[in-house]
Amino acid sequence: MSEPAKDFDAIIVGARVAGSAAAIFLARDGRRVLLIDKDAFPSDRLSTHIVLGGGTKVLERMSVLEMLERLGGVRFARMRAIGPDFDYGGELARDGADDRGLCLGRVLMDAAMIDAARSFEGVTFRDRLRAIDLRIEDGAVVGIRGEDASGVHEFCAPLTIGADGMHSSVARIASERIGAFKRIDVPCARAYYYAYFEGVPRKQLGDELVTEFESAPGAGNLVCRCENGLTVAATAFDAAEMQTFRTGLASNLRRYLDRSFAVGKLLEGATMVGRVFSSGLLNNTCRDPVAGGAILLGDAGLHVDPLFGQGHSLALMSASIVGELAAGWFSAVRGNSIPAAALADFTRRRDAELMPYYKASVRVSRALALDQGSRLAHRAASRERWAADEMIRFAQMLTPHAAFPSFRFARLMATASRAA
Ligand SMILES: Cc1cc2nc3c(=O)[nH]c(=O)nc-3n(C[C@H](O)[C@H](O)[C@H](O)COP(=O)(O)OP(=O)(O)OC[C@H]3O[C@@H](n4cnc5c(N)ncnc54)[C@H](O)[C@@H]3O)c2cc1C
C-alpha cells in the first residue's frame, strides 16, 4: 500500500546513538526531521556502553548529558590501561576541566535519546518502520520507502541520513542502485563477549574504566560500573576460539576474565547476572560517507573494532559535524536533493577528525599481538605522567583533530624503543 509522499528536510534511518543525535542537531537548527527505526523501544543493542570523553562532550552540547546521568549513567572519572609491560592511568576531571566519560546501558540510553529528539516539534519519530528501498532521481537519493504493519509508505527529503548501523540498508541499497558509498573492510581478529556483574564494592572498583591488553596472547579485558549498581565486564580474544568458548559461555567468560592482570581481582566475589552477550565476527568498515542527497553516520559510515570502545563517540562526533555543516547544505538544494558536491565537506571533516581513530582501530584489529607502535606508545605512557595524560586524552578521543602523538611523545616512544 502506498500513501502520499510527505515532505521533510531530512529523513534519518536508524534512531539510536547516531540517528537520534543527528535529529537533535538538525531540529535545533529548525529542520523538519523524520526519524525512523525498524525496532521498537526501549530495546537493547550489543555494546559495553562506554561513551568516551570525546563522546560525552557531544552529549553535553546536545544538553542530554545530565539527563543520562540522572537515569543512572556512571561518569567514570579515571582511566587505567594495563599490559604486560605497562600500567598507567589518568584523571579525567581535574584542573577545572571535566572530561569524564559515561557508562549507561543501551536500553535506557537509546530510549532517552529518542525521547530527547522527539521533544523537538520538528521531529517526527516512527518506530517499527523499516526502510526497504530508496527513492532515486537523476542518480541522487530523494527519499525512502518504508514498511510497517500498515503497509509501504514513501517519504521525500533533500537529505537522507543512513544511521542504520554496520549492516546499513541505506548504504547497501544506494550501492546497488547508484554505485554509492564504496566500502573497505578489515576483519577484526578478536571476538568480544560480555556480561553484567553485581556485588562489586566501590572500594574495589571506583568510577574508573579499566582496560587490559595482552592479558593472554591476543586477549584484552574491560570493566566499568554502569547503572543500577551493575558492573559491565568484557573480554576479547582470538575469534578462532569462539566455537570452543561457546560450549560454556558463563564459565568461559569468568575464566577468561580471571586470566587477567587486574580485572579478575576487581570482580572477585561478584555474581554474574543475566546472560552472556557476544559480538560474533566483526569487520572494521569504512564507507565513503557521501552520495547525492545522502550521507552515512555512525557505524554505517565508520564501523570500528570494539576494543577501544569508540563506536558511540564516533557516532556522536559524526552527528555533531552534521550539526555544524547542515545549514550550508540546505541552502544548496538543487531539485529534490542536496548535491554530493555540497555534502563533500562532511567527508573532509569526518576524515580529518575521526579517521585517526579508525586507523588506530584497524592497527589493533589486523593481528592479535599489539603492533610495535602501540606497544611503544603504552610503554612511553607508563614512563611519564604527562605522557600518560596525552595517551589517555587520545584514548578518550579528546585530542583536537587527533593530533597524537605529539613530537614530545614520539621522542619518548623512541627512547622507550632504544631501552627495549
Ligand atoms: C560487543 C560490542 C561491544 C561494544 N562496546 C562498545 C562500547 O563500549 N563503547 C562504544 O562506544 N561502542 C561499543 N560498541 C559499538 C557500538 O555499539 C556502536 O558503535 C554503536 O551502536 C553505533 O551506533 P549507531 O547509531 O551508528 O548504530 P546502531 O546502534 O547499530 O543503530 C542502528 C539502528 O538502525 C536501525 N536500522 C537498521 N536498519 C534499518 C532499516 N532498514 N530501517 C530502519 N531502521 C533500521 C536498527 O534497528 C538500529 O536501531 C560495541 C559493539 C559491540 C559489537
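1. Side note on the overall build of the chain
Argument step 1. Regarding its fold elements, the chain presents 13 helices and 24 strands.
Argument step 2. In summary, the chain has a C-alpha radius of gyration of 22 Å against a globular reference of 22 Å for 420 residues, a match within 12%.
Argument step 3. Principal-axis analysis of the C-alpha atoms places the extent of the chain at approximately 65 × 45 × 45 Å.
Argument step 4. Across the chain, the fraction of contacts at a sequence separation of at least 24, relative to all contacts at a separation of at least 6, is 74%.

2. Side note on the site of the ligand
Argument step 1. Lining the immediate environment of the ligand, one finds 35 residues, of which Gly14, Gly165, Gly298, Gly311 and His312 sit closest.
Argument step 2. Among the secondary structure elements, those contributing two or more residues to the shell around the ligand are helix H1 (17-28), strand S11 (130-137) and helix H9 (311-330).
Argument step 3. Considering every element that reaches the shell around the ligand, the biggest residue donor is H9, with 4 residues.
Argument step 4. Broken down by class, the residue content of the shell around the ligand amounts to 13 nonpolar, 14 polar and 8 charged.

3. A few points about the confidence of the model for the chain
Argument step 1. In the predicted model, the chain carries a mean pLDDT of 95, and the fraction of residues at 70 or more is 98%.
Argument step 2. Segment residues 1-5: pLDDT under 50, and 9 contacts once partners within four positions in sequence are set aside and those in other chains are kept.

4. Some details on the domain arrangement of the chain
Argument step 1. When the domains of the chain are assigned, the result is domain 1 (6-49 + 106-185 + 284-364), domain 2 (189-278) and domain 3 (367-419).
Argument step 2. Its C-alpha centre places domain 1 at a distance of 33 Å from the equivalent point of domain 3.
Argument step 3. Opposite the 9 residues of domain 1 that make contact, domain 3 presents 7 residues.

5. Quick word on the nonpolar core
It is characteristic of soluble globular proteins that their nonpolar side chains tend to be buried jointly.
Argument step 1. Formed by 146 residues in total, the largest nonpolar core has its most connected members in Ala21, Ala22, Ala233 and Leu297.
Argument step 2. Setting aside chain neighbours within four positions, we find Ala21 in contact with Val58, Met62, Met113, Ala315, Leu316 and Ala319.

6. Regarding the sheet that holds strand S19 (residues 230-238)
Backbone hydrogen bonds are what pair the strands of a sheet, in a parallel or an antiparallel way.
Argument step 1. On the basis of which strands lie adjacent, the open sheet formed by 7 strands has the order S6-S5-S17-S18-S19-S16-S20 and mixed pairing. One side of each edge strand has no neighbouring strand; the edge strands of this open sheet are strand S6 (86-91) and strand S20 (271-278). On average, adjacent strands in this sheet sit at an angle of 15° to one another, irrespective of strand direction.
Argument step 2. Bridge analysis of strand S18 (residues 220-225) against S19 gives 6 bridges, and the strand direction is antiparallel. Looking at S19, one finds that Cys224 is bridged to Val232.
Argument step 3. Taken strand by strand, helix H12 (residues 385-395) contacts strand S5 (78-83) and S6, and its axis lies near 75° from that of S6.

Each value, and the rule that gives it
- As a convention, each chain's residues are numbered from 1 in the sequence order in which they are written.
- Reporting in this predicted model follows two pLDDT cut-offs: at least 70 for local features of residues, and 80 or more for side-chain atom pairs to be given and counted; totals over whole chains, interfaces and linings ignore these cut-offs and use all residues.
- Secondary structure elements are taken from DSSP: a helix is a run of H or I of four residues or more, a strand is a run of E of two residues or more, and numbering for both begins at the N terminus.
- Radius of gyration: C-alpha atoms only; globule rule: 2.2 Å multiplied by the number of residues to the exponent 0.38.
- Residues are treated as contacting if the C-beta atoms built from their backbones sit within 7 Å of each other.
- Residues are classed as near a molecule or strand if the C-beta position derived from their backbone is within 6 Å of it.
- Each residue is assigned to one class: nonpolar for Ala, Val, Leu, Ile, Met, Phe, Trp, Tyr, Cys and Pro, charged for Asp, Glu, Lys and Arg, and polar for all the others, Gly among them.
- pLDDT gives the predictor's per-residue confidence on a scale running from 0 to 100.
- Throughout the structure description, domain borders are defined by an automatic or database domain assignment.
- In plain words, the nonpolar core is the set of buried Ala, Val, Leu, Ile, Met, Phe, Trp, Tyr and Cys residues that C-beta atoms within 7 Å link up.
- Exposure classes come from backbone-placed C-beta atoms, where a residue is buried if 20 or more other C-beta atoms lie within 10 Å of its own, exposed if 12 or fewer do, and partly exposed in between.
- At least two bridges found by DSSP between two strands are what make those strands a pair.
- Between the N-to-C directions of two axes lies an angle of 0 to 180 degrees, each axis being a line fitted to C-alpha atoms and, for a helix, fitted only over the stretch in contact.

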